[in-house]
Amino acid sequence: MSQDLFQAPDYYQLDELLTEEHLLVRDAAREWVKREVSPIIEEAAQQAKFPTSIISGLAEIGAFGPYIPEEYGGAGLDQMSYGLIMQEIERGDSGVRSTASVQSSLVMYPIWKYGNEEQRKKYLPKLASGEFMGCFGLTEPNHGSNPGGMETKIKDMGDHFLLNGAKMWISNAPFADIAVVWAKNEEGRIKGLIVERGMEGFTTPETHNKWSLRASSTGELIFDNVKIPKENMLPNKDGLGAPLGCLDSARYGIAWGAIGAAMDCYDTALRYAKERIQFDKPIAATQLQQKKLAEMITEITKAQLLTWRLGTLKNEGKATTAQISMAKRNNVDMALKIAREARQVLGAMGITGEYSIMRHMMNLESVITYEGTHDIHLLITGLDITGHQAFK
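Within an unreviewed UniProt entry, the label attached to the protein reads Glutaryl-CoA dehydrogenase, and the organism entered is Lutibacter flavus. Under Sequence similarities (unreviewed entry), UniProt gives the following word-for-word description of the protein: "Belongs to the acyl-CoA dehydrogenase family." Its UniProt record gives the protein a comment under Cofactor (unreviewed entry), which states: "FAD".

The following block contains the structure:
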């Protein structure tokens, strides 16, 4: 078990732009990751198991719904704090950040924003504490980038709804207590429903043989004539805009999280380059390795500036879907390129579990695809600047 020696890069002194509360929240998450995640994450990834023992710790650092008001069990923090927590968790592992992102932005957020007071009081405190874990059912076997084409249906049976269909690639599904599920009613309108484990006909088979997000639990949601009580429908928003609003929140968290993965790869490569001696000098003294490292810190710094500004806009209620898409696309692509370059700095050692780089690289191959693929986010920007939709 190697010691976590991570030192966060801050080349442009961006800490000076953060409040004292932001720094306290971030540093608490950073220390928790060093203490609780780093020592176990390589083994968890090798075994392809989500370490459920860390759920209570995630709750304690405010990773579940940090921006949810305190009256519902949240920490009542701002959007910058949410981003910083996601950054630190993904520095540990993208799969662990996925668990926190889903819980916060895809389960707690829609219940808070689209639910009624009874639903908020029933579910949010237990989700914030980690007593309940949730998942989000949007993607289907035949509908990924085109969620509006979903085939999952609900039928009004008078005193309840009947839910039929399937969702796939669902983080947290195998162990989730509840699922926020999106389905079309008989008029073709998309509605949000809270489905609870134990409801007859609801199953969550686990997805195996993943080479990415191995320390995250992924599965399917299968609905076979599941009876959903009328009070489990989210009443305050419907249509495709409802789940897409959740994705805006999650994508914002990913934009921050990817920086954490990139920082970890850079820090690992920098430390290795200073210690690895070849031809009687450290490889950090060679031009090609300096080029790699200098470009890494440049791209990380650019991403930090982009995301800090996005966080400021988010706090002011001004951040647009297109701005969030740009940051998600840019930062994940940046992190993936840095992971690949960092792996080269380490040579053959870069592929081993002794270092985090290869695990980050494999994880980021999923992050660059989920919650809007690299290409879809490009087209969101294209639509925003030209006014012409090119999705179809």
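The rest of the description comes next.
Caption draft 1: Fine view of the overall build of the protein. Within the protein, the regular secondary structure consists of 10 helices and 9 strands. Along the first, second and third principal axes, the C-alpha set of the protein runs to 80 × 45 × 40 Å. Expressed as a percentage of its 392 residues, the buried residues of the protein come to 54%. Counting contacts in the protein only where the partners sit at least 6 residues apart, residues at least 24 apart contribute 75% of the total. Of the roughly 17,300 Å² that the protein leaves accessible, carbon and sulfur atoms contribute 50%. Placing the 42 positive and 50 negative side-chain charges of the protein at their respective mean positions leaves the two points 4 Å apart.

Caption draft 2: The arrangement of the packing of aromatic side chains in detail. In the structure shown here, the tally under the stated rule is 11 aromatic pairs. Their ring planes at 85 degrees and their centres at 5.1 Å tell us that Tyr-67 and Tyr-82 sit as a pair that is edge-to-face. Residue Tyr-67 is found in the loop between helix 2 (55-60) and helix 3 (79-92), and its partner Tyr-82 is found in helix 3; the two are separated by 15 residues along the sequence. Through a chain of ring-to-ring contacts, three or more aromatic side chains come together here, namely Tyr-67, Tyr-82, Tyr-109, Trp-112, Tyr-114, Phe-136, Trp-182 and Tyr-252. Taking the ring centre of Trp-112 as reference, the NZ or CZ of Lys-113 above it sits at 4.5 Å.

Caption draft 3: Highlighting the packing of helix 6 (residues 241-275) against helix 9 (residues 357-367). At their nearest, the axes of helix 6 and helix 9 sit 10 Å apart, and the two run at 155 degrees to each other. In terms of orientation, helix 6 and helix 9 fall into the roughly antiparallel class. Considering how the two elements wind past one another, helix 6 and helix 9 form a crossing that is left-handed. Seen from helix 6, the contacting residues are Ile-254, Ala-261, Asp-264, Cys-265 and Thr-268; seen from helix 9, they are Ile-357, His-360, Leu-364 and Val-367. Taken together, the residues of the contact of helix 6 with helix 9 break down into 6 nonpolar, 2 polar and 1 charged.

Caption draft 4: The arrangement of the pairing of strand 5 (residues 190-196) in detail. Most of strand 5 sits inside the fold, with 6 of its 7 residues counted as buried. Between strand 4 (residues 178-184) and strand 5, which pair antiparallel one after the other, the connecting turn spans 5 residues, and Gly-188 there sits at a positive phi close to 85 degrees.

Caption draft 5: View of helix 1 (residues 20-47). Over its 28 residues, helix 1 runs 39 Å from end to end, which matches the ideal 40 Å to within 8%, given 1.5 Å per residue. The largest bend along helix 1 reaches roughly 50 degrees and is located at Val-37, with the proline Pro-39 sitting one to four residues downstream. Along helix 1, the residues that are buried comprise His-22, Val-25, Arg-26, Ala-29, Arg-30, Trp-32, Val-33, Val-37, Ser-38, Ile-41, Ala-44 and Ala-45. Against the buried residues of helix 1 lie helix 2, helix 3, helix 4 (94-114) and helix 9. The positive-phi residue at the C-terminal boundary of helix 1 is Ala-48, with phi of around 55 degrees.

Caption draft 6: Main features of the side chain of Thr-207. Mapping Thr-207 onto the fold places it in the loop between strand 6 (202-203) and strand 7 (218-229). What makes Thr-207 buried here is its relative accessible area of 17%. Each residue touching Thr-207, except ones within four places of it in the same chain, is listed here: Trp-169, Thr-218, Gly-219 and Glu-220.

Caption draft 7: Local environment of the UniProt feature "domain: Acyl-CoA oxidase/dehydrogenase middle" (unreviewed entry) in the protein. Here, the residues flagged by UniProt with the feature "domain: Acyl-CoA oxidase/dehydrogenase middle" (unreviewed entry) are residues 135-226. Taken end to end, residues 135-226 is 0% helix and 48% strand, and its two terminal C-alpha atoms sit 17 Å from one another.

Caption draft 8: Spatial organisation of the UniProt feature "domain: Acyl-CoA dehydrogenase/oxidase C-terminal" (unreviewed entry) in the protein. Residues given the UniProt feature "domain: Acyl-CoA dehydrogenase/oxidase C-terminal" (unreviewed entry) here are residues 238-380. Within the segment residues 238-380, helix and strand shares are 75% and 3% respectively, and the terminal C-alpha atoms sit 21 Å apart.

Caption draft 9: Quick look at the pattern of salt bridges. Tallying each qualifying case throughout the model produces 21 salt bridges. Put simply, Arg-35 and Glu-36 hold a salt bridge, and the shortest N to O gap is 3.2 Å. A salt bridge links Lys-318 to Glu-316; the shortest N-O distance between them is 3.4 Å. Residues participating in the shared-partner salt-bridge network are Asp-4, Arg-91 and Asp-264.

Caption draft 10: Geometry of the side chain of Thr-152. Here Thr-152 is to be found in the loop between strand 1 (134-137) and strand 2 (153-156). A distance of 2.7 Å separates the side chain of Thr-152 from the side chain of Glu-140, its partner in a polar contact. Here Ala-166 takes part through its backbone nitrogen, which lies 3.4 Å from a polar atom of the side chain of Thr-152. Here Thr-152 is in contact with Glu-140, Leu-163, Asn-164, Gly-165, Ala-166, Lys-167, Trp-182, Ala-183, Lys-184 and Phe-223, once residues within four sequence places are set aside.

The rules behind each value
- Residues numbered from 1 in each chain as written.
- Predicted model: local features only at pLDDT ≥ 70, side-chain atom pairs only at ≥ 80, totals over all residues.
- Heavy atoms only, no water.
- UniProt positions renumbered as here; feature names shortened; annotations may be inferred.
- Helix = DSSP H or I, 4+ residues; strand = E, 2+ residues; numbered from the N terminus.
- Buried < 20%, exposed > 50% of the residue type's maximum accessible area, 1.4 Å probe, protein only.
- Contact = heavy atoms within 4.5 Å.
- Areas by Shrake-Rupley, 256 points an atom, 1.4 Å probe, with all protein chains shown as cover.
- Lys, Arg positive; Asp, Glu negative; His and termini not counted.
- Charge placed at Lys NZ, Arg CZ, Asp CG, Glu CD.
- Phe/Tyr/Trp six-rings, centres within 6.5 Å; stacked < 30°, edge-to-face > 60°.
- Lys NZ or Arg CZ within 6 Å of the ring centre and 35° of its normal.
- Axes fitted to C-alpha atoms, helices over the stretch in contact; angles between N-to-C directions.
- Parallel < 35°, antiparallel > 145°, perpendicular 65-115°, else oblique.
- Left-handed = near helix turned anticlockwise from the far one by under 90°.
- Nonpolar A, V, L, I, M, F, W, Y, C, P; charged D, E, K, R; others polar.
- Pairing = 2+ DSSP bridges.
- Expected span 1.5 Å × (residues − 1).
- Bend = angle between axes of the 7 residues up to and from the residue.
- Salt bridge = Lys/Arg side-chain N within 4 Å of Asp/Glu carboxyl O.
- Polar contact = N/O pair within 3.5 Å; in protein donor to acceptor, adjacent residues only side chain to side chain.

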